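Residues per chain, in single letters:
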Amino acid sequence: QVRLVESGGGLVQAGDSLRLSCAASGRTFSSDAMGWFRQAPGKEREFVAAISSGGGSTYYADSVKGRFTISRDNAKNTVYLQMNSLKPGDTAVYYCAARVYSRSYYDPRGYDYWGQGTQVTVSS
């Protein structure tokens, strides 16, 4: 059974940092691109960041560029999202996802497996 399990969310103040982790099991994800998405109440799920299978290429939403960093450790089947200088607008449920086939990095419909999400709340 394929599983993606996110952790590391929480309640922080504006300007703080958090590191999210996504542990994958049930298949070898080293050949899959991985992405992070987020969804705030009443809004659609939006792209945050993605990383190629080997980790050599990364992609970011303009809203997080320069503040968030995506990385992966294929030996541990884990992908990370380091979030710095957090803002109240970053408040959302954050999901990690695995993309098996070569589709858009930015479109959630291009991803095949999803985690259950972890809540990030940033207070002002």
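Let me sum up the structure you'll find in this document. Just so it is clear, the model here is predicted, and its values are computed rather than measured.

Bringing the nonpolar core into the picture now. Residues Trp 36, Leu 81, Met 83 and Tyr 94 are the most contacted members of the largest nonpolar core, which totals 35 residues. When residues of this core are traced back to their parent elements, those giving at least two are β3 (18–25), β4 (33–39), β5 (46–51), β7 (68–73), β8 (78–83), β9 (92–99) and β11 (118–123).

Looking now at unusual backbone geometry. The phi dihedral of Asn 77 is positive, around 55°, even though this residue is not glycine. Counting through the fold element by element, Asn 77 comes out in the loop between β7 and β8. Backbone geometry places Ser 85, a non-glycine residue, at a positive phi of 50°. Accessibility expressed as a relative area gives 40% for Ser 85, which makes it partly exposed.

What counts, and at which threshold
Residues numbered from 1 in each chain as written. Predicted model: local features only at pLDDT ≥ 70, side-chain atom pairs only at ≥ 80, totals over all residues. Heavy atoms only, no water. Core = buried A, V, L, I, M, F, W, Y, C linked by side-chain atoms within 4.5 Å. Buried < 20%, exposed > 50% of the residue type's maximum accessible area, 1.4 Å probe, protein only. Helix = DSSP H or I, 4+ residues; strand = E, 2+ residues; numbered from the N terminus.

None of the figures reported here should be taken as evidence of function without further support.
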